[in-house]
Amino acid sequence: MPTIVALVKHVPDTWSAKTLEADNTLDRVSVDSVIDEINEYAMEQALKLRDDNPGAGLRVVALTMGPTGADEALRKALAMGADDAVHVLDEALAGSDVLGTTWALTNALNTIEDVQIIVAGNSSSDGAMGALPGILAEYRQVPALTNVRSVTLDGQTLTAVRETAEGRHELAAQLPAIVSVTDKADKPRFPNFKGLMAAKKHEITVVDLAAIGVSPEQVGLAHSATAVTAATERPARAGGDVIRGEDAATKVADFLAAEKFL
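Now for a look at the structure at hand. Owing to the predicted nature of the structure, the values given are computational and were not obtained by experimental measurement. (Residues numbered from 1 in each chain as written. Predicted model: local features only at pLDDT ≥ 70, side-chain atom pairs only at ≥ 80, totals over all residues. Heavy atoms only, no water.)

### What about the overall build of the protein chain?
Helix and strand content of the protein chain: seven helices and twelve strands. By principal-axis analysis of the C-alpha atoms, the protein chain measures approximately 70 × 45 × 40 Å. Across the 262 residues in the protein chain, those meeting the buried criterion constitute 41%. Sequence separation of 24 or more characterises 71% of the internal contacts of the protein chain that already satisfy a separation of 6 or more. When the accessible surface of the protein chain is summed, it comes to about 14900 Å², and 52% of that surface belongs to carbon and sulfur atoms. Measuring between centres, the 23 positive side-chain charges of the protein chain sit 6 Å from its 37 negative side-chain charges. (Helix = DSSP H or I, 4+ residues; strand = E, 2+ residues; numbered from the N terminus. Buried < 20%, exposed > 50% of the residue type's maximum accessible area, 1.4 Å probe, protein only. Contact = heavy atoms within 4.5 Å. Areas by Shrake-Rupley, 256 points an atom, 1.4 Å probe, with all protein chains shown as cover. Lys, Arg positive; Asp, Glu negative; His and termini not counted. Charge placed at Lys NZ, Arg CZ, Asp CG, Glu CD.)

### Some remarks on the packing of aromatic side chains
What the rule picks out here adds up to one aromatic pair. For the ring pair Trp-103 and Tyr-139, a centre distance of 5.3 Å and an interplane angle of 80° mean the geometry is edge-to-face. Residue Trp-103 is found in helix H3 (residues 98-109), and its partner Tyr-139 is found in helix H4 (residues 132-140); the two are separated by 36 residues along the sequence. Using a relative accessible area of 28% as the deciding quantity, one classes Trp-103 as partly exposed. (Phe/Tyr/Trp six-rings, centres within 6.5 Å; stacked < 30°, edge-to-face > 60°.)

Structure (structure tokens):
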């Protein structure tokens, strides 16, 4: 059965205060965690692709990598309407950078039958790198339609719309392909009571590194290709300048020109 895989992530609540551990990794223990909001947008697009193409026989599988507790993000995806869920769970994954994370995910994807479309958010709220969809496309050697607000499927062709400051751009790719969506996409649906109850009972497939064919030496903090060596707190926002007088418009224009906004 052709499969759409939606990547989801369990992250510290966006509104919580974020701090670093002694090893410069994000503190994920002392804060509440939730499914990353952008992944709800990705899930919505995955579900729409399935629902808008009933004759294609598509199913939607939610996939996450994370510690015990990350299955809560999968439960939310199942409640929204995903058909199945897979959790990559292994202590050796702790502290993996984007390269190790993507390597684990692409190998986990290889265990899912007939993956035709992978949908992700354009950037997670914790790491905020925005590089995973592109790296995943490179690992899998498939096209990627990135930073889009909508996507449609016509046979074996995906068509998407990317909206930037320069205008709207139409993108297209043949399956299999990867899509990353922004928060300008369709608002995520709310799970109904039936979906919530079904999600609680649904059996989630749990796989470790051995099951997906990944060596511990390829992932984890100690084997990351990138590392945070230092961090400082963002300074408090200073008060702005108030411009008054007959020449206020000229001063504003000069400021905007100096900052290259004009």
